[in-house]
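Inside the fold
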Amino acid sequence: METAMDFQKSKYLITIPIDGKMLASAEKFSSQYYNYTKARQVYLNTLAVLVVDFYFQCIDIKTDIAQSSGLNNILNSLMNTAGLFIKDKGLLECRPVLPTEKFCYIPKEIREDCIGYIGVEINELESKAIILGFIKSVEDEKLPLTDLEPLEDFLFYLHKLEKPKFIEL
Amino acid sequence: MTLEELAILAKQAVIKAKDTSLNEEARIQALLDKQLALTKLFAELTNKIDNLPKPQTDASKYIYEEALQETYLYICKNIDRYQPEKGSIMGWFVFILKMRKITAFNLINWGIMSTYTYTNDGVELDLCDIYTPDANPLPSEKLLAFIKEDPEGLLQRALFNNNANANFQAILLKKIEEDKSWEEIAQEFKSGATHGPLYSFYTRCCKKFSPYFTKYLFE
């Protein structure tokens, strides 16, 4: 079976180890829900945000945790959000996918004011995550992983992006 | 490009980005070049490291993932100090990883796993302390109860298209309690053929009321 990894091979893929601290944070955020589906959603969203945030730290992109909807337990109760706020740029959604999935789910309620989407494959068995790529905007709720652009394009895009005129969260 | 070449490229890019004599425009360009070079190096490194054998026991795995993370961060932040004449980038990486593993082993808190995360300012914040105070009933249940009660009537007064039925409270409950799709919700409110404006309204209200919920529930 063709997986996310196979058709992304030509691009720069970054594999981030998922450590105990990330797992514990995801566990804590998700433990607020009785509903298993919601808890699972929050768990994976949290991991995706933390993984991308770690990559950003490594390459010197400044983020703001307090403005990140994916790490705000009110906003992630109300929306299926994995938002990571990039300083002076805006909110980026870090959408988790499982290793067998071919699509990334992008709910409609998170599209407002979102500067783009990063697909993150979460491999729980091997305690790692792969940053698959980036897309600026989406039409559908189901995004084929093949549509994701390489991270390089994301950096060019971010570089050109103007400061948002207003920031509210 | 080989890993060595990428490492040298990243080193040069990082050194240039530190140059304070550059003008604004050149500085921004140097930052982009640095991020591009580090991304390529990072990708190639993770590709190589991912193929190395991994520890099998849970305890050593926990140390391994954490040490690996710290090593990536260390290499990215210190690549300008890389001296290719003294050894390969892989050699340097493995050396740092071994040191980190020893440190991680000594520092590990075997009783409880900590949940702190690094922030970009170099200050460690405990995410859970800030955002998820312990509470009984569960915060999600408290939030739902609060939404239903709407003590000040603010949620009921936030109307979509002046439609008294389509208020924020009613939409919230359909969305988070009944888990309905936007198409279904739009149909129920007969808000017209398109549901686009409805979920935009929802997003705006969520952001607007988020501090209000936080204030009532956690302060």
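Residues numbered from 1 in each chain as written. Chains lettered and ligands numbered in written order. Predicted model: local features only at pLDDT ≥ 70, side-chain atom pairs only at ≥ 80, totals over all residues. Heavy atoms only, no water.

**Some thoughts on the interface of chain A and chain B**
- In this complex, chain A contributes 58 residues to the contact, which on the side of chain B involves 61 residues.
- Buried surface at the junction of chain A and chain B, both sides included, amounts to about 5700 Å², of which 62% is carbon and sulfur.
- Sorting the residues of chain A by area buried against chain B places Lys21(A), Gln57(A) and Leu78(A) first, and these three jointly supply 13% of that buried surface.
- In this assembly, chain A and chain B are joined by six salt bridges.
- Across the chain A-chain B interface, the total number found is 15 residue pairs in polar contact (both at pLDDT 80 or more).
- Among the secondary structure elements, those contributing two or more residues to the side of chain A that touches chain B are β1 (14-17), α2 (20-30), α3 (36-59), α4 (75-78) and α5 (151-160) of chain A.
- The residue inventory of the side of chain A that touches chain B, partitioned by class, reads 30 nonpolar, 12 polar and 16 charged. (Contact = heavy atoms within 4.5 Å. Buried area = accessible area lost by both parts, 1.4 Å probe. Salt bridge = Lys/Arg side-chain N within 4 Å of Asp/Glu carboxyl O. Polar contact = N/O pair within 3.5 Å; in protein donor to acceptor, adjacent residues only side chain to side chain. Helix = DSSP H or I, 4+ residues; strand = E, 2+ residues; numbered from the N terminus. Nonpolar A, V, L, I, M, F, W, Y, C, P; charged D, E, K, R; others polar.)

**Section: the confidence of the model for chain B**
All names here are of chain B.
- Per-residue confidence for chain B gives a mean pLDDT of 83; residues scoring 70 or more make up 79%.
- Low pLDDT, under 50, characterises residues 110-114; the stretch is placed with eight contacts to residues that sit more than four places away or in other chains.
- The complex prediction reports pTM at 0.85, with the ipTM value standing at 0.89. (pLDDT = per-residue confidence, 0-100.)

**What to know about helix α8 (residues 168-177) of chain B**
All names here are of chain B.
- Taken across its 10 residues, α8 has seven buried, putting it largely inside the fold.
- All buried positions along α8 are accounted for by Phe 168, Gln 169, Ile 171, Leu 172, Leu 173, Lys 174 and Lys 175.
- Between the side-chain oxygen of the N-cap and the backbone nitrogen of Gln 169 there are 3.0 Å, and the N-cap of α8 in question is Asn 167.
- A positive backbone phi angle near 55 degrees is found at Asp 179, which sits one or two residues after α8. (Buried < 20%, exposed > 50% of the residue type's maximum accessible area, 1.4 Å probe, protein only.)

**Concerning the side chain of Lys128(A)**
- With respect to the helices and strands, the residue Lys128(A) is situated in strand β7 (residues 128-135).
- Setting aside residues no more than four positions away along its own chain, Lys128(A) makes contact with Thr15(A), Ile16(A), Pro17(A), Ile18(A), Glu121(A), Ile122(A), Asn123(A) and Asp50(B).

**Topic: the pairing of strand β6 (residues 114-123) of chain A**
Residue and element names in this part refer to chain A.
- Of all the 10 residues making up β6, 10 are buried; the element is thus mostly covered by neighbouring parts of the structure.
- Looking at chain direction, strand β4 (residues 90-97) and β6 are connected through seven bridges and run parallel. In the sheet register, Leu 91 faces β6, and the bridge partner there is Cys 114.
- By the bridge criterion, seven bridges tie β6 to β7 in an arrangement that is antiparallel. If you follow Glu 121 over to β7, its bridge partner there is Ile 130.
- Between β6 and β7, which pair antiparallel in sequence order, lie four residues; one of them, Ser 127, sits at a positive phi of approximately 50 degrees. (Pairing = 2+ DSSP bridges.)

**Looking at unusual backbone geometry**
- Despite not being glycine, Asp88(A) shows a phi value in the positive range, around 65 degrees.
- Looking at the element boundaries, Asp88(A) is found in the loop between β3 (83-86) and β4.
- Positive phi outside glycine occurs at Asn162(B), with the angle close to 55 degrees.
- Tracing the chain through its elements places Asn162(B) in the loop between β3 (159-160) and β4 (163-167).
- The class for Asn162(B) is exposed, based on a relative accessible area of 72%.

**What about the environment of Ala48(A)?**
All names here are of chain A.
- Assignment of secondary structure puts Ala 48 in helix α3.
- When its relative accessible area of 0% is taken as the criterion, Ala 48 is described as buried.
- Setting aside residues up to four positions removed in sequence, Ala 48 forms contacts with Cys 94, Pro 96, Val 120 and Ile 122.

**Quick look at the sheet that holds β4(A)**
Residue and element names in this part refer to chain A.
- If you walk across this open sheet you meet the six strands as β1-β7-β6-β4-β3-β2, and the pairing is mixed. The strands lining the two open edges of the sheet, one partner per strand, are β1 and β2 (63-64).
- Packed on one face of the sheet, α3 meets β1, β2, β3, β4, β6 and β7 and runs near 120 degrees to β4. (Axes fitted to C-alpha atoms, helices over the stretch in contact; angles between N-to-C directions.)

**A look at the packing of α2(A) against α3(A)**
Residues and elements named next belong to chain A.
- Packing of α2 against α3 leaves a shortest axis separation of 8 Å and a crossing angle of 145 degrees. At the point where α2 passes α3, the crossing takes the right-handed sense. Every residue of α3 that contacts α2 at Met 22, Leu 23, Ser 25, Ala 26, Glu 27, Phe 29 and Ser 30 is listed here: Ala 39, Val 42, Tyr 43, Thr 46, Leu 47, Leu 50, Val 51 and Phe 54.
- A class-by-class count of the residues in the contact of α2 with α3 yields 11 nonpolar, three polar and one charged. (Left-handed = near helix turned anticlockwise from the far one by under 90°.)

**Looking at the pattern of salt bridges**
- Tallying each qualifying case throughout the model produces 19 salt bridges over all chains.
- Of the charged contacts in the structure, one is a salt bridge between Asp19(A) and Lys21(A), with a shortest N-O distance of 3.8 Å.
- What makes Lys21(A) buried here is its relative accessible area of 5%.
- Among the ionic contacts, a cluster of salt bridges with common partners joins Lys174(B), Glu178(B), Lys180(B) and Glu188(B).

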